[in-house]
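Architecture and fold: a report
The lines below spell out each chain.
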Amino acid sequence: GIGQRLLILSALAAAAALLYSIRAPASHRSLLAQTVHYLARPHEGAHVTPLDVPPAWIGSDLVAAPARWRYELTADEQRELLEAMEHLDVLNKSLADLLVSDLRAPLLASHVAAWITQLGQDGLGFLVLRGVPVHAWSVPQAEAFFWLFGKLLGVPGAQDSDGHLLGHVRDIGGDGANERQYKSNAEIGWHVDFADVVGLLCLQPALLGGQSRIISSVSVFNELLKLPGGPDHARRLYEGVLLDTRGSGHVTAITLRPLRYADGVLRTVYHAEYFRTVHRYPGIPAMDPDLRAALDAYDSVLARPELWLDMELLSGDIQLVSNHFLLHSRNNYTDHDDPARRRHLLRLWLSIPPSHGLRTRLLTYLEQARVAVELATTRAAAAIRWASGPSS
């Protein structure tokens, strides 16, 4: 009927616009464009044998080797950042008007290529920078630095439906059961964020708790394969799974494929809670038994402490985590009574320019087209339902 034709035309037009926005140069990306970029992971088939690759690390092996993943700024680099901030103060630009060239920090910039490698398939997939002199800056100054630091690495993207590009992670009394969980002080389970890399700059840690916990999703995959029925569980996770969006992007749920594999590289999207809570909504079918078994098995591996790496982020720490090769979580926390001392982190979602070969780029373009059409169709259907009003 007319409604179906309208849905198809709307979805195709939106998908075409999305694909253009992904490939065109941009200072930042919309939530939808960044989501398509992130979910469009190259895929050649369901790989179900273990992978011996750099991101397949074990947390207990890294606890005693912080030099492999933590870089402490030198006194010269800290002094350079303080002087760079004086220059930014003189420019007196808004965040939107700041250019990467406005950050006069050549010592810091000299590390960027190595840090991008560390975050990719040839590195551990994460790193921590220690010693950013936030104690000497106001919150707006810290925002300006972190914004430009992110642009040194990649393209910032929106983190919510309101288009916020630089997030503030703090307890504002949010409802963790129905809203994005970073708005509360509650524990946050294993998940990824929908961007290549998530960056956090710690301005103020909590009084107690709030530690960051990360795990290699490649190692989780390897351990999953060792379980009874493990290869079958992995195969199910290469297929479609519904995700609870908590209203982000103005839709209730989207379909994604947790595992994607191409050219020896496994990329994982996983949310231990949102894969399950999506089935509470009207019109969403019950979870199929094969998926429930696969999620239960995957979660059982996530529960192994020897795979975790816990870290306490101090004031002035930057944590960078790949959402392709790691999952992350957070402990609950208790805050200071003094509002000025309460836990406060700045957050960036970044798209990193790909460095794929020709074959992988072609696979990525195919995935971009598929994901763009799927997401555009979901949004168009939601808009038509809203415009139609409640059924009589």
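The structure presented is a predicted model; accordingly, all values stated were derived computationally and were not measured.

1. Quick word on the overall build of the protein chain
A tally of regular secondary structure across the protein chain gives 12 helices and 17 strands. Intrachain contacts of the protein chain at a sequence separation of at least 6 include 82% that bridge at least 24 residues. As displayed, the protein chain offers around 17500 Å² of accessible surface, 57% of which is attributable to carbon and sulfur atoms.

2. Focus: helix α6 (residues 112-119)
When α6 is considered as a whole, its buried residues turn out to be V112, W115, Q118 and L119. The buried residues of α6 occupy an angular sector of 120° when projected down its axis, which confines them to one face. Buried residues in α6 make contact with β1 (70-72), α5 (106-109), β2 (126-130), α7 (139-153), β6 (197-204) and β14 (318-322).

3. Some remarks on the sheet that holds strand β15 (residues 326-330)
Judged by pairing direction, the sheet is antiparallel, and its 4 strands sit side by side in the order β5-β15-β8-β13 without closing on themselves. Two strands bound the open sheet, and with one partner strand each, they are β5 (188-191) and β13 (309-311). Direction aside, neighbouring strands of the sheet carry axes that sit 15° apart on average. Here 5 bridges tie strand β8 (residues 212-216) to β15, and the two strands are oriented antiparallel to one another. Paired with S216 across the strands is L326, a residue of β15. With respect to the sheet, helix α8 (residues 217-226) is in contact with β8 and β15, its orientation differing from that of β8 by roughly 55°.

4. A closer look at α7
Structurally, the α-helix is built with 3.6 residues per turn, so residues lying three or four positions apart point the same way. Relative to the 21 Å expected for 15 residues at 1.5 Å per residue, α7 spans 21 Å between its end C-alpha atoms, a close match to the ideal helical length. Counted residue by residue, α7 has 12 buried out of 15 residues, so it is predominantly covered. Q141, A142, E143, A144, F145, F146, W147, L148, F149, G150, K151 and L153 are the residues of α7 that are buried.

5. Side note on the pattern of salt bridges
Counted under the stated rule, the structure contains 21 salt bridges. Among the ionic pairs, R236 bridges to E239, the shortest N-O distance being 3.8 Å. Here R276 makes a salt bridge to D296, at a shortest N to O gap of 2.9 Å. Here R276 is found in helix α10 (residues 274-277), whereas its partner D296 is found in helix α11 (residues 289-302), with 20 residues between them in sequence. By relative accessible area, D296 is classed as partly exposed at 41%. Among the charged side chains, a salt-bridge network with shared partners connects R257, R260, E367, R370 and E374.

6. Points about the pairing of strand β12 (residues 265-268)
Side chains V265 and R267 project from β12 onto one buried face, and the interleaved L266 and T268 project onto a second face that is buried too. Connecting the antiparallel pair strand β11 (residues 259-262) and β12 is a turn made up of 2 residues, with D263 showing a positive phi of about 50°.

7. Comments concerning the packing of helix α4 (residues 75-91) against α7
Here α4 crosses α7 at 105°, and the two axes come no closer than 11 Å. Considering the angle they form, α4 stands roughly perpendicular to α7. In this structure, α4 contributes L81, M85, L88 and D89 to the contact, and α7 contributes Q141, A144, F145 and L148. Of the residues belonging to the contact of α4 with α7, the class tally is 6 nonpolar, 1 polar and 1 charged.

8. What about the nonpolar core?
Ranked by size, the top nonpolar core spans 103 residues in total, and within it F126, F145, F146, F149, F194, L201 and I318 carry the most contacts. If one sorts the elements of this core by residue count, α7 sits on top with 8 residues. Residues within four places of F149 in sequence aside, it is in contact with L103, L108, W115, L129, I318 and L320.

9. Comments concerning unusual backbone geometry
Its identity as a non-glycine residue notwithstanding, N92 has a phi of 55°, on the positive side. Along the polypeptide, N92 turns up in the loop between α4 and α5. The phi dihedral of D263 is positive, around 50°, even though this residue is not glycine. Secondary-structure assignment places D263 in the loop between β11 and β12. By relative accessible area, which is 41% here, D263 ends up partly exposed.

10. Regarding the packing of aromatic side chains
On inspection of all chains with the given rule, the structure shows 11 aromatic pairs. Aromatic side chains W69 and F126 sit 5.8 Å apart centroid to centroid with 40° between the ring planes, which places their arrangement in the tilted category. You can see W69 sitting in the loop between α3 (59-62) and β1 and its partner F126 sitting in strand β2, a full 57 residues away along the chain. Of the two residues, W69 and F126, both sit in the buried class. Ring geometry for W190 versus W308: centroids 6.4 Å apart, planes at 50°, classification tilted. With a gap of 118 residues between them, W190 in strand β5 and W308 in the loop between α11 and β13 connect regions that are remote in the sequence. Residue W190 shares its accessibility class with W308, and that shared class is buried. Cluster of aromatic residues (ring-pair linked, three or more members): Y71, W115, W137, F145, F146 and F149. The lysine or arginine in question, R70, covers the ring of W69, its NZ or CZ lying 5.5 Å from the ring centre.

What counts, and where the lines are drawn
- Residues numbered from 1 in each chain as written.
- Predicted model: local features only at pLDDT ≥ 70, side-chain atom pairs only at ≥ 80, totals over all residues.
- Heavy atoms only, no water.
- Helix = DSSP H or I, 4+ residues; strand = E, 2+ residues; numbered from the N terminus.
- Contact = heavy atoms within 4.5 Å.
- Areas by Shrake-Rupley, 256 points an atom, 1.4 Å probe, with all protein chains shown as cover.
- Buried < 20%, exposed > 50% of the residue type's maximum accessible area, 1.4 Å probe, protein only.
- Arc of directions from axis to C-beta.
- Pairing = 2+ DSSP bridges.
- Axes fitted to C-alpha atoms, helices over the stretch in contact; angles between N-to-C directions.
- Expected span 1.5 Å × (residues − 1).
- Salt bridge = Lys/Arg side-chain N within 4 Å of Asp/Glu carboxyl O.
- Parallel < 35°, antiparallel > 145°, perpendicular 65-115°, else oblique.
- Nonpolar A, V, L, I, M, F, W, Y, C, P; charged D, E, K, R; others polar.
- Core = buried A, V, L, I, M, F, W, Y, C linked by side-chain atoms within 4.5 Å.
- Phe/Tyr/Trp six-rings, centres within 6.5 Å; stacked < 30°, edge-to-face > 60°.
- Lys NZ or Arg CZ within 6 Å of the ring centre and 35° of its normal.

Geometry only, nothing functional implied.
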